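Structural overview for review
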Amino acid sequence: FFFNDTATTEIYTEQIVGSVRCVQETGPYPSMLFEFCDKNKWEKAIKLCRFVKERTLWACLAAISLNARELNTAEIALANIEAVDKVQFINYIRELPSEAARNAALATYFRKIDEAEQALIQAKQYYLSLIHISEPTRQAEISYAVFCLKKKK
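The rules behind these values
Residues numbered from 1 in each chain as written. Predicted model: local features only at pLDDT ≥ 70, side-chain atom pairs only at ≥ 80, totals over all residues. Heavy atoms only, no water. Salt bridge = Lys/Arg side-chain N within 4 Å of Asp/Glu carboxyl O. Buried < 20%, exposed > 50% of the residue type's maximum accessible area, 1.4 Å probe, protein only. Helix = DSSP H or I, 4+ residues; strand = E, 2+ residues; numbered from the N terminus. pLDDT = per-residue confidence, 0-100. Contact = heavy atoms within 4.5 Å. Phe/Tyr/Trp six-rings, centres within 6.5 Å; stacked < 30°, edge-to-face > 60°.

Focus on the pattern of salt bridges
By the definition in use, this model includes five salt bridges. Note that Lys-86 is salt-bridged to Asp-85, the shortest N-O span being 4.0 Å. On the basis of relative accessible area, Asp-85 is assigned to the partly exposed category, the value being 49%. As a salt-bridge pair, Glu-99 and Arg-102 come within 3.2 Å of each other at their nearest N and O atoms. Remark: Arg-102 and Glu-99 occur in helix H6 (residues 99-109); sequence separation between them is three residues, near one turn of the helix. A relative accessible area of 48% means that Glu-99 is categorised as partly exposed.

Here is the structure:
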């Protein structure tokens, strides 16, 4: 997506197919959606998507609401684009025992591993930080942390 230079109410999509650049006006709906989300009017955003019935608008709502940690809206939007695995992930997040664990799971989803780890460590949930955050490049650090925790006991 990108905004028109002359009027921020017009949004265009750009796609390059082969050597041809295709630009298409999307109409007023994406900017309306962004405005509703910016003002935390999630119900209005959902109603707009239901009215327009466009998959890309639902996908935008899903991304925006996940980023804002608005899980109810994200679940509705993801269900409308038939992203069953992501709906299951939202339900998994809801069942986590603490706010720190939920924030860490969302940060991990957005590939913000350090942020996830910090959220768990600050909440003194060391064990969860070692279990839920696994990244191949950090195996040595995690092994050392497990060793240190075992040594403290």
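Okay, back to it.
Notes on helix H1 (residues 29-38)
Turning to H1, its buried residues are Pro-30, Ser-31, Leu-33, Phe-36 and Cys-37. Directly after H1, the chain includes Asn-40, whose backbone phi takes a positive value near 55°.

Things to note about the confidence of the model for the protein
The predicted model of the protein has a mean per-residue pLDDT of 75, with 64% of residues at 70 or higher. This model gives residues 1-9 a pLDDT under 50, and the stretch forms 20 contacts once residues within four places in sequence are excluded. Under a pLDDT of 50 for its full length, residues 129-153 has, in the predicted model, 22 contacts with residues more than four places off or in other chains.

Regarding the packing of aromatic side chains
Applying the stated rule across the entire model yields three aromatic pairs. Plain terms: the ring middles of Phe-89 and Tyr-109 are 5.4 Å apart, the flat faces sit at 25° to each other, and that makes the pair stacked. Within this pair, whereas Phe-89 is found in helix H5 (residues 84-95), its partner Tyr-109 is found in helix H6, the two being separated by 20 residues in sequence. Phe-89 sits in the partly exposed class, given a relative accessible area of 24%. On the accessibility criterion, Tyr-109 (30% relative accessible area) is partly exposed.

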